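# Per-entry structural report
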Amino acid sequence: MPRPMTMAEKILAAHAGLDEVEPGQLIECDLDLVLSNDVTAPIAVKEFRKIGVEKVFDPEKIALVPDHYVPNKDIKSAEQAKIVRDFAREQGITHYYEVGCMGVEHALLPEQGVVGAGDLIIGADSHTCTYGALGAFATGVGSTDAGVGYATGKAWFKVPESLLFKIEGELAPGVTGKDVILHIIGMIGVDGALYQAMEFTGSAIRTMGMDERMSISNMAIEAGGKAGLIEVDDVTRAYMDGRTERPYTEYHSDPDAMYAKVYEIDAASIVPTVSFPHLPSNTRPAAEARDIKIDQAVIGSCTNGRIVDMRQAADVLRGRKIHPDVRCIVIPATQAVYRQCMEEGLMDVFLDANCAVSTPTCGPCLGGYMGILAAGERAIATTNRNFVGRMGDPTSEVYLSSPAIAAASAVLGHIGLPEDLD
């Protein structure tokens, strides 16, 4: 009889061809997908060439998504994108997404059914952990590991310990998945889950849709987590059925599985939350941030650029105008989300409010383009990191929040809550 195991342990064991694994064990696993983007893929391609093989292990199990600096912002970014494009054509990569078809990678791949429950995924991007919301073990790696993954379809892992976060009860109105994960990161710190698998469960999680769940799993890395998993339930199945390209496999933690620590959180204790500079863990209730004047608001990213996020922002902006001292940039995460915004009339709301709306890109989140901050400027953003210089000049500041708070702040000219507009 195998030892009782967590979701993470079961997925890793299955992909290592083992009946059981335990934390700390070193294993080699078969991969279901290797992901890279226009920043990390050129390095991975270079490392792949060094190995000396001519063909990738499986052109259907590699995803190349140019999303960071595209549409190309300069000659260097154009050259990087061309490396990715040429490699995709040379190798016959099935999951290559050109400008006009692409989206922010961690919103695009679930939407397109490329990832699913039970998958083992590595991505040369730290927010690959997003796919844990589907019941997959997904984790970020360096470009060298991705290049080896291209060639061999394998990667080695040290089996992580698991942490269990039980969020029970009802969330208050206006509290979102982003608030939940900011609350957790503020509670345990940016290294509170270092090289550990974070597993999220409880009645509050079960009432959330997939967009909210993906926001939670997305930011597991901001707590140092190796992965951020949510158990498959009817909500997950409804999202995946008819969408995923391959049959998916459900793995459920055993009732007597061992966790390094169990956190029990009362959902009612979570309030709309903002992360102050310069760490995601520097959290405070949004109500305590009302004196912070802002220059820019960014609504989008792999954390909060899905349709639910767009709706939350539009609900606040409808019939209102962006403050004259604020620039508000709205970035639907995929072409499909962009189209749905148009069909639901959300684009009219954004444009009437004087927002700038962009094609999908990660640009402002990493200080690439489409919203760089000047010296001393402040932004509120639905992104995931607020390190020094993250969005521009080293003296600029980034405050992290949910879409509704970012939208309300854009109207007010300072950080605030939707109810402050009434």
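Right above here is the structure, for reference.
Residues numbered from 1 in each chain as written. Predicted model: local features only at pLDDT ≥ 70, side-chain atom pairs only at ≥ 80, totals over all residues. Heavy atoms only, no water.

### Let's talk about the packing of helix α11 (residues 307-317) against helix α12 (residues 335-343)
For any two helices packed against each other, one specifies the inter-axial angle together with the distance between the axes. Condition: Angles run from 0 to 180 degrees between N-to-C directions of axes, and those axes are lines fitted to C-alpha atoms, restricted for helices to the stretch in contact. Secondary structure counts use DSSP, requiring at least four H or I residues in a row for a helix and at least two E residues in a row for a strand, with both numbered from the N terminus. Each crossing gets its hand from how the near helix is turned against the far one by less than a right angle, where anticlockwise is left-handed and clockwise is right-handed. Only heavy atoms enter the contact rule, under which two residues are in contact if any of them lie within 4.5 Å. All amino acids are sorted into three groups, where Ala, Val, Leu, Ile, Met, Phe, Trp, Tyr, Cys and Pro are nonpolar, Asp, Glu, Lys and Arg are charged, and the leftover types, Gly among them, are polar.
In contact at an axis separation of 10 Å, α11 and α12 are set at 40° when each is read in the N-to-C sense. Remark: the crossing between α11 and α12 carries right-handed chirality. Each of I307, M310 and R311 in α11 lies in contact with α12, whose residues at this interface are V337, Q340 and C341. When grouped by side-chain class, the residues that make up the contact of α11 with α12 number four nonpolar, one polar and one charged.

### Topic: the sheet that holds strand β3 (residues 62-65)
Pairing between sheet strands relies on hydrogen bonds along the backbone, with the strands arranged either parallel or antiparallel. This is how the line gets drawn: Strands are treated as partners if at least two bridges between them are detected by DSSP.
Spatially, β4-β3-β2-β5-β6 is the arrangement adopted by the five strands of the open sheet, whose pairing is parallel. Of all the strands in the sheet, just β4 (95-96) and β6 (137-140) have a single pairing partner and so form its edges. Relative to strand β5 (residues 120-123), strand β2 (residues 33-37) is paired through three bridges, and the arrangement is parallel. What sits directly across from L33, in β5, is I121. Where helix α5 (residues 143-152) meets the sheet, its contacts fall on β2, β3 and β5, and the angle it forms with β2 comes to roughly 135°.

### Examining α11
Which entries qualify depends on this criterion: When accessible area is computed with a 1.4 Å probe and restricted to protein chains, residues below 20% of their type maximum are described as buried, those above 50% as exposed, and intermediate ones as partly exposed.
For α11, a buried count of eight out of 11 residues is recorded, marking the element as mostly surrounded by other parts of the structure. Among the residues of α11, I307, D309, M310, Q312, A313, A314, V316 and L317 are the ones counted as buried. Just beyond α11, the residue with positive phi is G319, at close to 80°.

### Remarks on the sheet that holds strand β10 (residues 227-230)
What the four strands build is an open sheet, ordered β10-β9-β8-β11; its pairing is parallel. Here the strands that pair on one side only, and so sit at the sheet edges, are β10 and β11 (261-266). Within this sheet the neighbouring strands show an average axis-to-axis angle of 20°, counted without direction. Pairing geometry for strand β8 (residues 161-168) and strand β9 (residues 196-201), over six bridges, is parallel. What sits directly across from F165, in β9, is F200. Sheet contacts for helix α1 (residues 7-16): β8, β9 and β10; angle to β10, the most-contacted strand, approximately 105°.

### Here we look at the pattern of salt bridges
Basically, it comes down to this: What counts as a salt bridge is simple: a side-chain nitrogen of Lys or Arg found within 4 Å of a carboxyl oxygen of Asp or Glu.
Here the structure, examined in full by the defined rule, presents 19 salt bridges. For the salt bridge of K73 with D74, the shortest nitrogen-to-oxygen distance reads 2.8 Å. Classification of K73 by relative accessible area gives partly exposed; the value is 38%. D233 is paired through a salt bridge with R213; the nearest N and O atoms lie 2.8 Å apart. With D233 in the loop between β10 and α9 (234-240) and R213 in helix α8 (residues 210-218), this pair connects stretches of sequence that are 20 residues apart. Connected via shared salt-bridge partners are D234, R237 and E250.

### Side note on unusual backbone geometry
For the bond from V70 to P71, the omega torsion is -10°, close enough to zero to count as cis. Within the element layout of this structure, P71 appears in the loop between β3 and α3 (75-91). Each neighbour pair has its own omega, and for P277 with H278 the value is 0°, a cis peptide bond. A positive phi angle is found at Y195, which is not glycine, with a value near 50°. Topologically, Y195 is positioned in the loop between α6 (177-188) and β9. In this structure Y195 comes out as partly exposed when scored by relative accessible area, which is 30%.

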